[in-house]
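Structural features, examined
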Amino acid sequence: MKTIDVCLSPELMHLYKVRDRTVVVVDILRATSCMVTAFAHGIETITPVADLNTCRMMRHKGFIISGERDGKKVEGFDKGNSPYEYMGPDIRHKRIAFTTTNGTQAIEKSKEAHKVIIGSFLNLSTVVKYLLFGENNVLIVCAGWKGKVNLEDTLFAGAVIDRLRNHIEPDCDAPLIAQQLYNDAKDDMVTYLKNSSHVKRLDKLDIHKDIEYCLTIDQYDVLPKLKQGVLTLI
Ligand code: MLT
């Protein structure tokens, strides 16, 4: 049977061999939810970039430049990190260069994997189907917050593990922890996450509607995949 594990923070990546695995990168609030939304609304590619300056320079090559630091849109950038910014006709057939505090860093740390796909609650069933029929063992990489573990990415990992429980075997205890938390939370994730650190951070910035949206299950059936450093649709 294939196995599944969860890396609860990118700081723990050195513990995992990723070369022969399919990695699912997740940053529920909000980077990977934005990416999935953008692909569902017609973006052609997203290039994840780790630092602000590289991202800024990419405007000269015709990219829309998007990004946030500490939850706030970067000054001078075209777009920030709210999924609602990625629903309009202005992004259709365009290319985005994207840099975020944690999400794009987690992608950077995963790029040696056999395959890298982008997960969120918005495309949960599509992710699960892909993992079910794929040949590789699986690692879910939670973006967390600046190296620390967060609840929302762990809940997503738990949702995937719960749906695959009869088909893919947990590799260690992190999948069991994630699955248990998801089962505790699944009936009302918005309330469950009310005291979590990033929800409080977004609340302080007066960003409320993004939270509920990012916790919506199966809004889209798109699956972004990393190919030579660029995300495209499978
Ligand atoms: C990140 O990558 O750290 C986030 O998506 C932060 C945010 O909510 O904008």
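First, a word on what this report is: a plain description of the structure on this page. (Residues numbered from 1 in each chain as written. Predicted model: local features only at pLDDT ≥ 70, side-chain atom pairs only at ≥ 80, totals over all residues. Heavy atoms only, no water.)

**Considering unusual backbone geometry**
What counts here: Put simply, DSSP H or I for four residues or longer makes a helix, DSSP E for two residues or longer makes a strand, and each gets a number counted from the N terminus. Each residue's exposure class comes from its accessible area (1.4 Å probe, protein chains only) as a fraction of the maximum for that residue type: buried when under 20%, exposed when over 50%, partly exposed otherwise.
In this model, L29 is joined to R30 through a cis peptide bond whose omega is 5°. Along the polypeptide, R30 turns up in the loop between β2 (21-26) and α1 (31-40). Of note, D206 is a non-glycine position whose phi angle comes to about 65°, a positive value. Examined against the element boundaries, D206 turns out to sit in the loop between α8 (197-204) and α9 (209-214). Looking at D206, the relative accessible area reads 60%, which means it is exposed. Even without glycine at this site, Q228 takes up a positive phi of about 45°.

**Focus on the packing of helix α4 (residues 124-133) against helix α5 (residues 151-163)**
Formally: Angles here are taken between N-to-C directions and fall from 0 to 180 degrees, while the axes themselves are lines fitted to C-alpha atoms, restricted in helices to the stretch in contact. Our angle categories are set so that under 35 degrees counts as roughly parallel, over 145 as roughly antiparallel, 65 to 115 as roughly perpendicular, and the remainder as oblique. Working rule for handedness: look at the near helix, and if it is turned counterclockwise from the far one by less than a right angle, call the crossing left-handed; if clockwise, right-handed. In this analysis, two residues are considered to be in contact whenever any of their non-hydrogen atoms come within 4.5 Å of each other. In the scheme used here, Gly and all other residues not listed as nonpolar or charged are polar, with Ala, Val, Leu, Ile, Met, Phe, Trp, Tyr, Cys and Pro taken as nonpolar and Asp, Glu, Lys and Arg as charged.
Contact pair α4 / α5: the axes reach a minimum separation of 10 Å and the direction vectors enclose 50°. Between α4 and α5, the angle falls in the class oblique. Once α4 is placed against α5, the crossing between them reads as right-handed. When α4 is examined against α5, the residues L124, V127, V128 and L131 are found in contact with a partner set consisting of F156, A159, V160 and R163. Split into classes, the residues belonging to the contact of α4 with α5 amount to seven nonpolar, no polar and one charged.

**Structural notes on the packing of α5 against helix α6 (residues 174-185)**
Two elements in contact, α5 and α6, have axes separated by 7 Å at closest approach and are oriented at 95°. The orientation of α5 relative to α6 falls into the category roughly perpendicular. Residues L151, T154, L155, A157, G158, A159, I161, D162 and R163 of α5 pack against P175, A178, Q179, L181, Y182, N183 and A185 of α6. Tallied by class, residues from the contact of α5 with α6 come to 10 nonpolar, four polar and two charged.

**Some remarks on empty space enclosed by the protein**
Put simply, the rule reads: Put simply, the grid is 1 Å and covers the protein atoms alone, a cavity is a trapped set of points that fit a 1.4 Å probe, a pocket is an open set with protein on both sides within 12 Å along at least five of seven lines, and lining residues have an atom within 4 Å of a point. Grid points are joined across faces, edges and corners, and a volume is the space filled by probe spheres set on the points.
Evaluated as defined, the whole model comprises two cavities of 30 Å³ or more. The volume enclosed by the largest cavity comes to roughly 90 Å³. The wall of the largest cavity is formed by 13 residues, among which L29, R30, N102, W145 and H198 lie closest to the centre. Considered class by class, the residues forming the lining of the largest cavity number two nonpolar, seven polar and four charged. For the second largest cavity, the calculated volume is near 30 Å³.

**Focus: the nonpolar core**
Convention followed: Remark: nonpolar core denotes a set of buried residues (Ala, Val, Leu, Ile, Met, Phe, Trp, Tyr, Cys) joined through side-chain atoms within 4.5 Å.
Core analysis: the largest hydrophobic core is formed by 69 residues, its most contacted members being I46, F121, I140, F156 and V160. Of the residues forming this core, the biggest block, six residues, is contributed by α5. For V160, the residues in contact, after removing those within four places along its chain, are I4, L124, V128, L131 and I140. Formed by eight residues, the second largest nonpolar core is a distinct cluster that contains C55, M58, F63 and A97.

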